[in-house]
Amino acid sequence: MNARDSGLTFLDRPNSYIGRSVPRPNARRLVMGRGTYVDDIRLPRLAHIAFLRSPHAHAKIRGFNLDAAKAAPGVIGVFTGADLAKVCTPWVAVLSHFKGLKSAPQYALPLDRACWTGEAICAVVAETRAQAEDAIALIEADLDPLPAAVDMEAALDPSTPVIHPELGDNLAFERTLDVGDVDTAFRNAAAVVEQTFQIGRHTGVTLEPRAILADWNDGEEKFTIYHSFQAPHMMQDIVCKHLDLPEASVRVVCKDVGGSFGIKVHIYPDEMATVAIAKILKRPVKFIADRMESFVSDIHARDHRVKGKMAIAADGEILGFEIDDLTGIGPYSVYPRTSAVEANQVVNLTGGPYRHKNYRARARVVFQNKVPMCQYRAVGHPIAVMVTEGLIDLAAAAIKMDPAKVREKNVIADDAHPSVAASGIKFEKLSHQQSLKKLLSMMDYDSLRKEQAELRKKGIHRGIGIATFIEITNPSAAFYGVGGARISSQDGCTLRLNPQGGVIASIGVTEQGQGTEAVIAQVVATAVGVPLSDVRVITGDTDTTPYGGGTWACRAAGIGGEAAWQSGKALRENILEVAGVILQAAPGTLDVRDGKIVDKANGNERMPLAELGRVAYFRPDTLPADLKPEFVVTRHYVPKDYPFAFTNGIQASYLEVDTDTGFVKLLKHWCVEDCGTVLNPQLVDEQVRGGIVQGIGAALFEVCRYDENGQMLNATMADYLVPMASEMPDIDVTHVVSPTASSELGAKGAGEAGTAGAPAAVVNAINDALSPFKANVAAQPVTPQDILKAMGKV
Amino acid sequence: MNRQATNLERNITLTVNGERVTRSVAARMHLVDFLRETLGLTGSHLGCEHGVCGACTIRVDGLTVRGCLMLAVQADGATVETIEGLTDSSKAADLQEEFLNRNALQCGYCTPGMLMTAVELLDRNAKPTREEIRDAISGNYCRCTGYHAIVDAIETVAKSRSSKKGTAS
């Protein structure tokens, strides 16, 4: 049975769309090929940009001979770092709440040094992209290769070159934590298990590459920047700051965005260079990254080595965790969110679902000459979950207890909330026990274990892996704002009732395919009382939407949804006030339902909204002089009582390992997820499924491979493997619903849950399958070769 | 660099979505760039430009091809169909509707190419299994959905087309 037929209703609103799997109204243009991605936009005098990128991981830029490039056909301009530094100031990506975090100034184009292979060092603008690329090939760059710091393990070694000598060393950030009495816990344990986990460096591979079209109109003194981006107001603020412009002079428009996953929420030097050059040339300039550029200039993510240790009692009680995380972030902390966040999350989240009180952690973030690393979907979560759940499986084996039982015994009880984890993070309401129970029944755990045992006798090696997770959603200002980042944690929604009775909603959260606009339309239609088809949602435009943060960290439904709900309720009140006057009835006795004013008690129609609109807009002379219809309302929302609305869930993977070839066949994947109130079940399920597959990519396929000179070896779509349809399993998703009391809607985020838990579920399942061979893998992605190596076969 | 090669132009005449078009194109121009840049048919997308991701999948003389692996001059005399033409012809209306109902797209960037492949699959195999569907679309990357919903949508349409045929005969 599909969730779309469940017909749930919400609150006491009749004709509620909340909880229903309605299709996304804005998706129709996309199936027709009529979307507008940045590269689809055509403007008069549009010029195209291409970048010369450093072939070295670290090099002194001595200079360029640009004569031939400047003379090449179609070339409009050639620009170096010095040219752009005159119009665009550099940035340093640090935030005050990450104490000690340091980084170096980064320019739109570097002045005298390239710090990673693929860093843009010179730009050519031409009439066509092909001409710009032709001219790039004619630039003579005088580059002097410098020793590179590539291996993160060696980044702090005195023999490794310090990338930014003025910073003293390659340590960007360090955090330590010591809670409870870890040493005693480990001394008293029945078993202590240890493992070193490697989480490969991978990247987002949005199918639409990064794209920006900056149009400076000198007559208006105004930028219109079309951007494939998640946070238009943030981009506006940063362009203003670094090009010294007032807010009124910068409009950022995000139309259709072809995938983001956190890749498109950062400030990229090549995009800032495009903006700066458009300002210099006073004409529209477009930059579309090609796929090779994407691999060496989109942020990379993960790249963690975590030494983990866990203590367990004979009865299965988890006594404590200890972790030592090391992560390499490339040569710069990424602006403006910084690259300390992922390691910080690993410290916050490890062991988080469990009751233990003893926890010691150290995380070190180091510079290296590779592509800059920053936040990608489920920041830090998959690492923390892998470490936690991997250790639990090792511990379960050590005390010979079923891994599901160990989790059952240790998860924070559903009735123990609000609670605080050993790391200090606060949980309002989680449902680990209910979720685990639901998962085991959904996958028929006991039967699977029997099947596994039977097949093992026949030489077929299947494995079951379980991973409990928690997820950070609905971030308050605690995430970035308190550290000085001008990143909005609040969002506003403006509603306008039109004369025909339709409602226009404009909102600060944005759409990249998650279904933001559909969910906002559902909430607005329900709150006001109009048919869904009468609501049009506008997102992604700094000129026309209320100020907001955009969509990231699972905030669109929880924060944007609540702003829309409050705004909808206010508009309905205003409508009823006017209706009461026209109908000579107390507003409290009326309601708006399905686009009509009705008697609240019996639902009898009194007047269509279109009639109210006609009177209020075209015959206000017939209304009393003191009645002032306000059919435009705005409400804002920001979570304040908790820094984050934590959600939780649990995943399981069932797979088969071919012990001759090392190949893994994924047979089935399950997820139980608790994101509070489910606004649109189908959209939530598909967020979870898509997230799971990205997590599976990390577990089995995706890695940015580098040689010892800092050259990325697999920077093409053919060499960098992403999950394909034929390798992916069917995925069952179900929910437990624990609404947050922070908002009336009670919705929390769901977009990162899949990615958070999937790698650990898959890797645990592989190790479960390999258990008869006493083989264990702990480095992602787990390749067939890794499996054969672990089995001692190669 | 060989200037002559980059500047070489040639006239081509082809039928695109039922319309006959004649243009002078650079010899090095890819077919998908011709469709997007010269004809303004922006429904076909570029994801990798080396034939891997499938976002630029179109039909040439009835067969799906990668628009980034074919030159525009190679399409001289050919019949080309893009998502825009497919939509106007209503041939894939049921697939498009089911993609919407099942939310078998998120960002939508892969969707035109995915639909092209699905159309071809159902043309040659009216009752594909889920595995056959997964196999058929394995050359079309989707980074958002995890594929499950896409497989569901294609399977649903295959079943509904088969049952309609069954009723009719």
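Residues numbered from 1 in each chain as written. Chains lettered and ligands numbered in written order. Predicted model: local features only at pLDDT ≥ 70, side-chain atom pairs only at ≥ 80, totals over all residues. Heavy atoms only, no water.

Q: Give me the lowdown on the overall build of chain A, citing residues and values where you can.
A: Per the secondary structure count, chain A includes 19 helices and 29 strands. For 794 residues, the compact-globule estimate of 2.2 N^0.38 gives 28 Å, and chain A sits close to it at 28 Å. Residues classed as buried in chain A amount to 67% of the 794 residues present. When contacts within chain A are restricted to residue pairs at least 6 apart in sequence, those whose partners lie at least 24 apart make up 80%. A total accessible area of about 26600 Å² is found for chain A, and carbon and sulfur atoms account for 50% of it. Each charge class in chain A was averaged separately, 81 positive and 93 negative side chains, and the resulting centres sit 2 Å apart. (Helix = DSSP H or I, 4+ residues; strand = E, 2+ residues; numbered from the N terminus. Rg over C-alpha atoms; globule rule 2.2 N^0.38 Å. Buried < 20%, exposed > 50% of the residue type's maximum accessible area, 1.4 Å probe, protein only. Contact = heavy atoms within 4.5 Å. Areas by Shrake-Rupley, 256 points an atom, 1.4 Å probe, with all protein chains shown as cover. Lys, Arg positive; Asp, Glu negative; His and termini not counted. Charge placed at Lys NZ, Arg CZ, Asp CG, Glu CD.)

Q: Describe the domain arrangement of chain B, listing the residues and the values that go with them.
A: Residue and element names in this part refer to chain B. Domain annotation for chain B reports domain 1 (3-86) and domain 2 (90-168). The C-alpha centroid of domain 2 is placed 24 Å from the C-alpha centroid of domain 1. Between domain 1 and domain 2, the residue contacts involve 18 residues of the former and 17 residues of the latter. In total, about 1500 Å² of surface goes out of reach between domain 1 and domain 2, with carbon and sulfur atoms giving 55% of it. The interface formed by domain 1 and domain 2 contains two salt bridges. Taking the shortest distance from any N to any O, the salt bridge between Asp 123 and Arg 59 comes out at 3.1 Å. One can count nine residue pairs in polar contact (both at pLDDT 80 or more) joining domain 1 with domain 2. Listed by contribution, the elements that provide at least two residues to the side of domain 1 that touches domain 2 are strand 3 (57-60), strand 4 (63-66) and helix 3 (83-89). A class-by-class count of the residues in the side of domain 1 that touches domain 2 yields eight nonpolar, seven polar and three charged. (Domains from an automatic or database assignment. Buried area = accessible area lost by both parts, 1.4 Å probe. Salt bridge = Lys/Arg side-chain N within 4 Å of Asp/Glu carboxyl O. Polar contact = N/O pair within 3.5 Å; in protein donor to acceptor, adjacent residues only side chain to side chain. Nonpolar A, V, L, I, M, F, W, Y, C, P; charged D, E, K, R; others polar.)

Q: Please set out the packing of aromatic side chains residue by residue, giving values where relevant.
A: All names here are of chain A. Counted according to the given criterion, the structure contains 14 aromatic pairs over all chains. Taking the centre distance of 5.1 Å and the plane angle of 85° together, the rings of Phe 427 and Phe 646 count as edge-to-face. Linking Phe 427 in strand 17 (residues 426-427) with Phe 646 in strand 26 (residues 645-657), this pair joins segments that are 219 residues apart in sequence. Accessibility assignment for this pair places Phe 427 and Phe 646 in one class, buried. An aromatic cluster of at least three residues, connected via ring pairs, comprises Phe 427, Phe 479, Tyr 480, Trp 552, Phe 644 and Phe 646. In this structure, Lys 309 is placed above the aromatic ring of Phe 186, and the distance from its NZ or CZ to the ring centre is 5.2 Å. Positioned above the aromatic ring of Tyr 480, the side-chain terminus of Arg 337 is 4.9 Å from the ring centre. (Phe/Tyr/Trp six-rings, centres within 6.5 Å; stacked < 30°, edge-to-face > 60°. Lys NZ or Arg CZ within 6 Å of the ring centre and 35° of its normal.)

Q: Tell me what's going on with the sheet that holds strand 28 (residues 731-735) of chain A, and back it up with residues and numbers.
A: All names here are of chain A. Judged by pairing direction, the sheet is mixed, and its four strands sit side by side in the order 18-26-27-28 without closing on themselves. Here the strands that pair on one side only, and so sit at the sheet edges, are strand 18 (461-473) and strand 28. Each adjacent strand pair in this sheet contributes to an overall mean axis angle of 15°, direction not counted. Across five bridges, the pairing between strand 27 (residues 664-674) and strand 28 is parallel. What sits directly across from His 669, in strand 28, is Ile 731. (Pairing = 2+ DSSP bridges. Axes fitted to C-alpha atoms, helices over the stretch in contact; angles between N-to-C directions.)

Q: How would you sum up the interface of chain A and chain B? Please name residues and give values.
A: Many structure descriptions define interface size as the accessible area lost when the parts assemble. Taken residue by residue, the interface counts 55 residues in chain A and 50 residues in chain B. Interface of chain A and chain B: buried area, both sides summed, is about 4500 Å²; carbon and sulfur atoms make up 53% of it. When residues of chain A are sorted by the area they lose upon contact with chain B, A:Val31, A:Leu207 and A:Ala725 head the list and together hold 16% of the total. Here chain A and chain B share nine salt bridges between them. Between B:Arg36 and A:Asp40 there is a salt bridge whose closest N-O contact spans 2.8 Å. Our enumeration of links across chain A and chain B arrives at 32 residue pairs in polar contact (both at pLDDT 80 or more). Its residues assigned to classes, the side of chain A that touches chain B comprises 26 nonpolar, 15 polar and 14 charged.

Q: Tell me about unusual backbone geometry, residues and numbers included.
A: All names here are of chain A. Each neighbour pair has its own omega, and for Tyr 335 with Pro 336 the value is -10°, a cis peptide bond. The topology assignment puts Pro 336 in the loop between strand 14 (318-328) and helix 9 (341-349). In this chain, Gln 780 is followed by Pro 781 through a cis amide linkage whose omega measures -5°. Looking at the secondary structure, you find Pro 781 in the loop between strand 29 (779-780) and helix 19 (784-790). Despite not being glycine, Val 205 shows a phi value in the positive range, around 50°. Secondary-structure assignment places Val 205 in the loop between strand 8 (191-203) and strand 9 (211-217).

Q: Can you lay out the sheet that holds strand 25 (residues 632-637) of chain A for me, pointing to particular residues and giving the numbers?
A: Adjacent strands of a sheet pair through backbone hydrogen bonds, lying either parallel or antiparallel. All names here are of chain A. The strand order across the open sheet built from four strands is 21-20-19-25, with neighbouring strands paired in mixed fashion. Every interior strand has two partners, whereas the edge strands, strand 21 (535-538) and strand 25, have only one. Taken pair by pair, the neighbouring strands of this sheet meet at an average axis angle of 20°, ignoring direction. Summarising the sheet, strand 19 (residues 491-497) and strand 25 pair through six bridges and their orientation is antiparallel. Across the sheet, residue Cys 493 finds its bridge partner in strand 25, namely Arg 635. Contacts between helix 15 (residues 556-583) and the sheet are confined to strand 19, strand 20 (503-507) and strand 25, with strand 25 contributing the most and set at about 145° to the helix.

Q: Summarise the domain arrangement of chain A; cite the residues concerned and give the values.
A: Residue and element names in this part refer to chain A. Taken domain by domain, chain A comprises domain 1 (38-146 + 205-297), domain 2 (300-477 + 641-790) and domain 3 (490-637). Taking only C-alpha atoms, the centre of domain 2 and the centre of domain 3 are 40 Å apart. With 19 residues of domain 2 at the contact, the number on the domain 3 side is 19 residues. Taken together, the two surfaces of domain 2 and domain 3 that pack against each other cover about 1500 Å², and 58% of this comes from carbon and sulfur.

Q: Could you give an account of the environment of A:Pro336, naming the residues involved and the relevant values?
A: Overall, A:Pro336 belongs to the buried group, its relative accessible area being 9%. Once residues within four sequence positions are removed from consideration, A:Pro336 is found in contact with A:Leu95, A:Met234, A:Ile238, A:Ile267, A:Ala485 and A:Ile487.

Q: An account of the confidence of the model for chain A is requested, with residue identities and associated values reported.
A: Looking at chain A, the pLDDT average stands at 96 and 98% of residues meet or exceed 70. With pLDDT under 50 throughout, residues 1-9 of chain A is counted as low confidence; its partners more than four residues away or in other chains account for 18 contacts. (pLDDT = per-residue confidence, 0-100.)

Q: Quick rundown of the state of the cysteines? Include the residues and the values.
A: Disulfides are covalent bonds that link the sulfur atoms of two cysteine residues. All names here are of chain B. Inspection of the entire model under this criterion finds zero disulfides over all chains. Not part of a disulfide, Cys 56 finds its nearest cysteine sulfur in Cys 68, a span of 3.8 Å. Overall, the relative accessible area of 4% leaves Cys 56 in the buried class. Unpaired in this structure, Cys 144 has its nearest cysteine sulfur neighbour in Cys 107, at a distance of 3.8 Å. (Disulfide = S-S within 2.5 Å.)

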